[in-house]
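# Working through the structure, step by step
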Amino acid sequence: MALEERARSSLMRFHHQLEQDIKPQFLMDHMISDGVMTVDEEEKIRIQPTRKDQAAALIKLVLEKDNRCFISFYNALVKEAYDDLARLLQKDLPDVSVDGNKSSFDSLSYVQRVLSEGGVPQRPVVFVSRPELLNKVREKLYLLQKDAGGWVTVFGMAGSGKSVLAAEAVRDHGLIEECFPGGVHWLSIGQLEKPDLLVKIQSLCFRLEQSQDSQSNIRPPTSLDEAKERLRFLMLRRYPRSLLILDDIWDSSVLKVFDIHCRILLTTRNRSLADSVSGPKYEVEVESGLDDKKALEILALYTNMSSNTLPEEARSIVRECKGSPLVVSLIGALLKEKPDRWPYYLRQLQQKQFKRIKKSTSYDYHALDQAMAASIEVLPDEHRELYKDLTVLEKDVKIPAKVLSVLWDLEPEEVEDILQEFVNKSLLFVDRNSKPHLYYLHDLQLDFLVEHYRNQIESLHSKVVHQYQHHYREAPPMSGDEECLYWIRFLTYHMAKANLSQELYSLMFSLDWVCIKAKIMGPAHLINDYVEYGPILDQENSEVRSQFQEFLSLSGHRLEQRPFPDVVQLALSQPHSSEVYKQARQQALNRAKSGKLYFELINKSSVENLSRLVIHPHLGSIYSACFSHDGTKIASCGASKTLKVFKSTSGEKLSEIQAHDEEVLCCAFSPDDRLLATCSSDRKVKLWNIQQGKLLRVFEEHEEQVNHCEFTNTTRRLLLATCSNDSLLKIWNLNKPSSQNTLFGHSEPVNHCCFSPDDSYLSTSSNDGTVKLFQVSSANEWKTIDVKSFFSESENEEVLVKCSTWTGDGTRIICAARNAVLVFDVQTSDMLLEIRTNRLSTVQYCHACPTSNLLALAFSNYAVELWDLEENKKMADCSGHLSWVQRVQFSSDGSQLLSCSDDQTVRLWETKKVHTSSAICLKRDSDVIFHDEEIIVSAADNCNRLQVRDGRTGSVLFQSEELPSRIRCTCLCRNPSAVLLGQENGELQVLELPSGKLLATLLGHTKTVLHCQFCHGGQTLITSSEDATIRVWRWKSGECKVLQGHKEQVRCFSLLSDSTNESKLLSWSFDGTVKVWDIESGEKLQDMEAHQGAILSCHISPDGCLFATTSADKTTKLWSCESWQCVFTLRGHHECVRSCRFSWDSKRLATGDDNGEIRIWRVEDGSLLKVCAQESKDGTDSLHGGWVTDLHFSPNNSVLVSTGGYIKWWNVARGEALQTFYPSGSALKKIHVSPDFSTFVTIDNIGILYILKRVA
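Counting restarts for each chain: residues are numbered from 1 in the order of the written sequence. Predicted model: local features are reported for residues with pLDDT of at least 70 only, side-chain atom pairs are reported and counted for 80 or more only, and whole-chain, interface and lining totals are derived from all residues. In computing side-chain properties, one takes all heavy atoms of the structure into account and sets aside hydrogens as well as water.

## A short note on the packing of aromatic side chains
The criterion for an aromatic pair is that two Phe, Tyr or Trp rings (for Trp, the six-membered ring) have centres within 6.5 Å, with stacked assigned to planes under 30 degrees apart, edge-to-face to planes over 60 apart and tilted to the rest. Following the criterion strictly, the structure yields 23 aromatic pairs and no others. Where Tyr-468 meets Trp-487, the ring centres are 5.1 Å apart and the plane angle is 45 degrees; that geometry is what we call tilted. Separated by 19 residues along the polypeptide, Tyr-468 in helix α25 (residues 457–471) and Trp-487 in helix α26 (residues 482–497) bring together distant segments of the chain. Using a relative accessible area of 7% as the deciding quantity, one classes Tyr-468 as buried. Look at Phe-1221 and Tyr-1250: their rings are 5.6 Å apart centre to centre, the planes differ by 70 degrees, and that puts the pair in the edge-to-face class. Of the two residues, Phe-1221 is situated in strand β65 (residues 1216–1221) and Tyr-1250 in strand β68 (residues 1249–1254); the sequence distance between them amounts to 29 residues. Helix and strand assignments follow DSSP, with helices taken as H or I runs no shorter than four residues and strands as E runs no shorter than two, numbered in order from the N terminus. Note on exposure labels: buried denotes an accessible area under 20% of the residue type's maximum, exposed denotes more than 50%, and partly exposed covers the range between, all computed with a 1.4 Å probe on protein chains only.

## Some remarks on the domain arrangement of the protein
Just so you know, the domain bounds were taken from an automatic or database domain assignment. Partitioning the protein into structural domains gives domain 1 (5–90), domain 2 (118–209 + 221–286), domain 3 (292–366), domain 4 (612–916) and domain 5 (1090–1174 + 1182–1189). Computed from C-alpha coordinates alone, the two centres of domain 2 and domain 5 are separated by 82 Å.

## Description of the sheet that holds strand β20 (residues 719–724)
With antiparallel pairing, 4 strands are arranged side by side in an open sheet as β19-β20-β21-β22. Strands at the two margins of the open sheet, each flanked by one partner only, are β19 (706–711) and β22 (741–743). Between one strand axis and the next, the sheet turns by 20 degrees as a mean value, whatever way the strands run. Here, a strand pair is defined by DSSP locating no fewer than two bridges between the strands. Sheet topology places strand β21 (residues 729–733) next to β22; 3 bridges connect them, and they run antiparallel. Residue pairing in the sheet places Leu-729 in a bridge with Leu-743 of β22. Each axis is a line fitted through C-alpha atoms, taken for helices only over the stretch in contact, and angles between the N-to-C directions span 0 to 180 degrees.

## Some thoughts on unusual backbone geometry
Cis geometry marks the peptide bond from Asn-975 to Pro-976, where omega comes out at 5 degrees. Tracing the chain through its elements places Pro-976 in the loop between β42 (967–973) and β43 (978–983). Residue Pro-994 is reached from Leu-993 by a cis peptide bond, and omega for that bond is 0 degrees. Its location among the elements puts Pro-994 in the loop between β44 (988–992) and β45 (998–1002). The phi dihedral of Asn-304 falls on the positive side, at around 60 degrees, and the residue is not glycine. Tracing the chain through its elements places Asn-304 in the loop between α16 (292–303) and α17 (312–320).

## Focus on the pattern of salt bridges
Should their charged atoms come close, side chains of opposite charge can pair. In the sections that follow, a salt bridge refers to a side-chain nitrogen of Lys or Arg positioned within 4 Å of a carboxyl oxygen of Asp or Glu. For the structure on display, the rule yields 56 salt bridges. For Arg-232, the salt bridge is made with Glu-229, and the minimal N-O distance between the two is 3.3 Å. Highlighted residues: Arg-232 and Glu-229, both in helix α14 (residues 224–238), separated by 3 residues, approximately one helical turn. One salt bridge connects Asp-443 with Lys-322, and the closest N-O pair in it is separated by 3.1 Å. Here the residue Asp-443 occupies a position in helix α24 (residues 443–452), and Lys-322 occupies one in the loop between α17 and α18 (325–337), the gap between them amounting to 121 residues. Residue classification places Lys-322 among the partly exposed positions, given a relative accessible area of 34%. Sharing partners across several salt bridges, the network here consists of Glu-42, Glu-43, Arg-46, Arg-123, Glu-168, Arg-171, Lys-294 and Glu-297.

## Section: the side chain of Glu-865
Inspection of the secondary structure puts Glu-865 in strand β33 (residues 864–868). The term polar contact refers here to a pair of N or O atoms within 3.5 Å; inside protein, the definition further demands a hydrogen-donor-capable atom paired with an acceptor-capable atom, and it admits residues adjacent in sequence only when both atoms are side-chain atoms. Among the polar contacts listed, one links the side chain of Glu-865 to the side chain of Lys-874, at a separation of 3.5 Å.

## Describing the UniProt feature "repeat: WD" (unreviewed entry) in the protein
When the UniProt feature table is mapped onto this chain, "repeat: WD" (unreviewed entry) is found at residues 657–698, 699–742, 743–784, 878–919, 1002–1043, 1043–1087, 1088–1129 and 1130–1171. As annotated, residues 1002–1043 comprises 0% helix and 57% strand, and the C-alpha atoms at either end are separated by 16 Å. The span residues 1130–1171 is 0% helix and 52% strand, and its two end C-alpha atoms sit 13 Å from each other. UniProt positions are given in the numbering used here, feature names are shortened, and annotations may be inferred rather than shown by experiment.

## Digging into helix α11 (residues 162–169)
Most of α11 sits inside the fold, with 6 of its 8 residues counted as buried. Considered for burial, the residues of α11 that qualify are Lys-162, Leu-165, Ala-166, Ala-167, Glu-168 and Ala-169.

## Description of the UniProt feature "domain: CARD" (unreviewed entry) in the protein
The sites that UniProt annotates as "domain: CARD" (unreviewed entry) are residues 3–92. Span residues 3–92 is 77% helix and 0% strand, its end C-alpha atoms 11 Å apart.

## Regarding the confidence of the model for the protein
A low pLDDT score tells you not to read the predicted coordinates there in detail. Taken residue by residue, the protein gives an average pLDDT of 88. The fraction at 70 or more is 94%. Element-level pLDDT for the protein is lowest in helix α8 (residues 104–108), with a mean of 46, against a maximum mean of 98 in strand β62 (residues 1190–1193). Across residues 96–105, confidence stays below pLDDT 50; counting only partners more than four residues off in sequence or on other chains, it has 9 contacts. Every residue is assigned a pLDDT by the predictor, reflecting its confidence on a scale from 0 to 100. Whether two residues are in contact is decided by their heavy atoms, any of which lying within 4.5 Å being enough.

Shown next, in the form of structure tokens:
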């Protein structure tokens, strides 16, 4: 029946007053009890954002319903003391008939009456609905209609809200009317003895008989059997369509008394109880906790506050108890009386003082510890002892049955049966989605165990360790399954908790353990162990702990690679004094006896690594990384579209969010570290809750990509600033969906924005060549600094201001543009200082240390530099990145610096330690002479001086003056002892060694000299150049022959024989031709159109019969040195073929391409023998870390060494990798190999010289 018109008009007339005053939640409780409103309808109203919106939605619902609903609404107003509002509606109440039929209000009270008669408990004073669970229970109850008898089991752990849920499920008019018109009868059972159970059933029978107007003098049943039969008769004959609710059943023997073929809903902690009775069975599992929103709502209702105004302790309480309805309700009831005790009750919860969290309620247990203990006490003695062992588990850790099989020394099948019993009794939870099943405790259960057995904690953990040691006495688990993962991850935790210090030292100071754990778990967990257990380990040897931690911190990104690298080989690069090196050296010697290859860096002093930690969080460029304000976390984002947060101590990942649809360009922590902001090429700005990984807001006002986002420095007035390619800046109040202010003024994209230390001003940097300062309070432009005016117009380039940063005192602002950094006085706009850097690189970012005069700069040439602003002096070069460095940032206390790069890594530096760096970088174009034990290396350095070094000692034998033109090639001559250098301007110089005396200056080449070589006993010098010529010099006399014919640069050449009498020369060029010359006469003997593309390498077979060429056209060709005809064309490479080399017996040819793949061919017939490639591509999208640039066979032709991003040694017969050496840099250009294949020399792209000696 529709709502009467006068009632409708009354509601519409007074809706403003009603919306203004009513609290819908309290009214809805009454209306649901009256059966005029469903829980789903309540939920739709509850999700409205404000109380007023909720009130409006409730009034709208009443308007859509009938007279019954209006009357219920009116009565709710009366019951909640809204007398003035009730009076407004009273005269328009619908008519109530008084004939013999039921009045409409009687109908309204139908649900309430049925439940009251059946003894169903009323709603608790504070109640929040759980609609999903309610609907599940009701669905199962509806299924009982078709059955003469049946069971619905609602099960869950102590305090999960089972009883409230059962009572709420039957508080539904439609359910009662359709399924249980005979009534709903509630019986609270608990842990009863048989006499008490008999009394309960006698009482129920009496109630049922009285309702049927039976004779009151019927004798009550005197035994359980008699009581069972009496109840069966009543339920089947007199109440066939009724529901019996048995609350809190513990024992199957009790349940059997009610096995009388009627419809029963039972609540229990033991899922398996219903197995003991007959009839159809259905079950609903009650989650152990409410979600945060509902748990906070309970606390808000108890304390008469709104969820938004609850103190921070409220969220901590909910987190600590995982939303347990019992705990939240107990604490809420306590706070209702003592509203100032939020911190106190949080402390009690954190300290596991469960006895102090108690309150008299309708619940059987008034304190949390009583509820927990009751569940455990019903276990058999032997199982109670086993359950006690679960005290050693960590929170939120799931454990496979096999681990407990080791701990309990039982068969896995027996363990699974015991665990299932624990699960059935809601003492344990099981994750059935994983294979094998994993088991875990609720936090409250674990807290209870830890508190209950606190005096036995050490011995319980000792038992775990000793059982592990006994079970795995032969070898540790290596399978990688869940059992193995548990032991590898938590063995150190159990040792530390058991106070087994010696066992912990032995384990963690072992390179074997490092290898096992890193391979299975990754390096972050290992580093975290050394940080967490550092105080224990330092008691034994702090230096050794530091050595292991440093090794992992700097090599961790390597240990994430697949295939997994050889840890012993990595450790051989550690200092000789390190325990890590000593163990690696011993293992390498032992394994070398059986033929395993290991290589030791013999010039370690030249390799200086100043990073504290290297992390590889993303696949793809990293555009932004930032410290949290407390310094414990780092967030990073980039081309992978993800946002990651990890520990700054170990790199352990804390969270990962798929943040945007396109590249994420920037991320920033809020001052309190609770929020993270991200911005992206997708034009969106997003706000995240870090703890939950939850998206809070999306701001979508920018019309182009958003380049940068930054919070204010304090929470006093928390704002977020963003800037975009749309040339606009926006300031956001986080509580509002639209921007607070839009700042205009720039005419080109804005790259960066930054608040002053006191948040008064916002600086912006733009492609229009300016930095602007805006007043935050008014959003007005204060001043403009025209940065482009400080650059010469003759440079004819746009001045793009990349970023700006404020000094800690807020008096100076620093900006980066092109290859310079400019420092300005904020008040006067005068330029105070200019730092000009390498003209070949641009400054990508700068950041001023908040606590000192240091300035960090990030460069496109892979460098990070530290400058002292007061002294205008560079303090350090922080080398290590392998691509453009996109961002640098100091920690809040200035002790650490982070940098992120396109090389997919984030590096951490300790600010004080990097000041000591003064490493000289060498260029990769080099030459080496091996003579007996002597190793002589020549190469240009980063100051464009030629250096000649003793490779073994690292001492500089000769160093030239700084030259005006860049040195591009060099070669050494033993007799006479001399060195040649070729320059970019075409000039050649021959210098005597070690004096450095200039022996000759050779002029002739008009462009860069690319390659040079002494021959004929050092009397002749051959050079090739970008000018497409080759020159043959009698360098002492200056006589020169020019070999002309190539049309493009000649990168290299080779003599056709090692014989000093041989006068033929082979040259190849980017023009695709190979030419043969007589160097005595200068005559061109042969001219071959070899390839369609540029020729990238060529090699002559040791027997002089063949030569091979490789090309950008992806082919390799074999040529006869007699006929000068192509013998075979070798196809199969998918990229440019960059390098080639014949084996010493001339039977095989190895070729390497730009994809990192190496192929080995049979020379006799041109057939493919092997493809040498690792299992998958690495982070550089290559099989070798980059192009394969050089190849060499061992003298016995069994081993091949190759260079690319790193050095690899291969088994030629099998095509399998034997060993890999990872340099600090990458892009190795060439490797020099000693005649006995024991020593290898190369230089990486960041200028580090490596001299490797085989361990034997």
